[in-house]
Amino acid sequence: MTIDVNVENTTEDFLEELDEIIEDTMIQMFFLQPKNEEELEKAKEDAEEYSALFYAAPLSLKDETDANCIGYRIQSASQLQDLPQLDKPLFIDESIIYDETVALLKERKEEGIILNATDTYDSLENFFVALGAGNIDRFDTEALASLSMDKIVFQSGFPTHDFDGLYTTAKKISAALFRPEESIVARATKHTLQLTGFKK
């Protein structure tokens, strides 16, 4: 079983072929990443209809979520100012991570996933880095070899990248860490399930 933590948008073909995609790729859960109210409504509809789909809602729209929401997407670190501790993990694109973002996340002790990561973010102990076809080549072999299996989850970035990219990614990590692909995928899946509350 594999979990894709970053589906940027669904397409009509993706939804129509979802059962076949699951069968062919062994990806059994897909996390949608809507960026605005319109996309959130579409994600909610899709997740209601298809049991393999869940979504991370923009934090600014957290009051408009339902049971299929597995986390919150933040657009800037300033959104976290003066908020109580959140009840779901955060999904953060690396493009908004600066020194002050790191300091705030560490201070708040939030948990979550950094999407499109190009760094290991060892200082953010409660955050995983999402790797896929769109960013795996930003890590050289030495950087991958230093990356703990306990920091890795998988992302496709669909529709920009296809789902086969997750397995290309697993192969590259496997070669760098000298670990079987299956164990890397299993560990990433376990972490994602635990983070989002599907597994204790």
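What comes next concerns the included structure. (Residues numbered from 1 in each chain as written. Predicted model: local features only at pLDDT ≥ 70, side-chain atom pairs only at ≥ 80, totals over all residues. Heavy atoms only, no water.)

### Remarks on the nonpolar core
If you look at the biggest cluster of nonpolar residues, it comprises 55 residues, and the most contacted ones within it are Phe14, Phe30, Leu90, Leu131, Phe154 and Ile173. With five residues, helix H6 (residues 165-177) is the largest single contributor of residues to this core. In this structure phenylalanine 30 touches Asp4, Val7, Phe14, Leu18, Ile21, Ile22, Ala52, Leu53, Phe54 and Phe163, once residues within four positions along its chain are discounted. (Core = buried A, V, L, I, M, F, W, Y, C linked by side-chain atoms within 4.5 Å. Buried < 20%, exposed > 50% of the residue type's maximum accessible area, 1.4 Å probe, protein only. Helix = DSSP H or I, 4+ residues; strand = E, 2+ residues; numbered from the N terminus. Contact = heavy atoms within 4.5 Å.)

### Quick notes on helix H7 (residues 181-195)
Think of an α-helix as turning once every 3.6 residues; residues three or four places apart then point the same way. Between its first and last C-alpha, H7 extends 21 Å over 15 residues, near the 21 Å set by a 1.5 Å rise per residue. Of all the residues in H7, the buried ones are Ile184, Val185, Ala188, Thr189, His191, Thr192, Leu193 and Leu195. Those residues of H7 hidden inside the fold are in contact with strand S1 (2-7), strand S2 (27-32), strand S6 (112-115), strand S7 (127-131), strand S8 (152-154) and H6. One or two steps after H7, the chain reaches glycine 197, where phi turns positive at roughly 85 degrees. (Expected span 1.5 Å × (residues − 1).)

### Points about the pairing of S7
Note on strand geometry: in a regular strand, side chains alternate between the two faces of the sheet. Counted residue by residue, S7 has five buried out of five residues, so it is predominantly covered. Residues Phe127, Val129 and Leu131 line one face of S7 and the alternating positions Phe128 and Ala130 line the opposite face, and both faces are buried. Alignment of S6 against S7, held across three bridges, turns out to be parallel. In the sheet register, glycine 112 faces S7, and the bridge partner there is phenylalanine 127. Relative to S8, S7 runs parallel, the two being bridged by three bridges. Counted as the bridge partner of valine 129 is isoleucine 152 from S8. (Pairing = 2+ DSSP bridges.)

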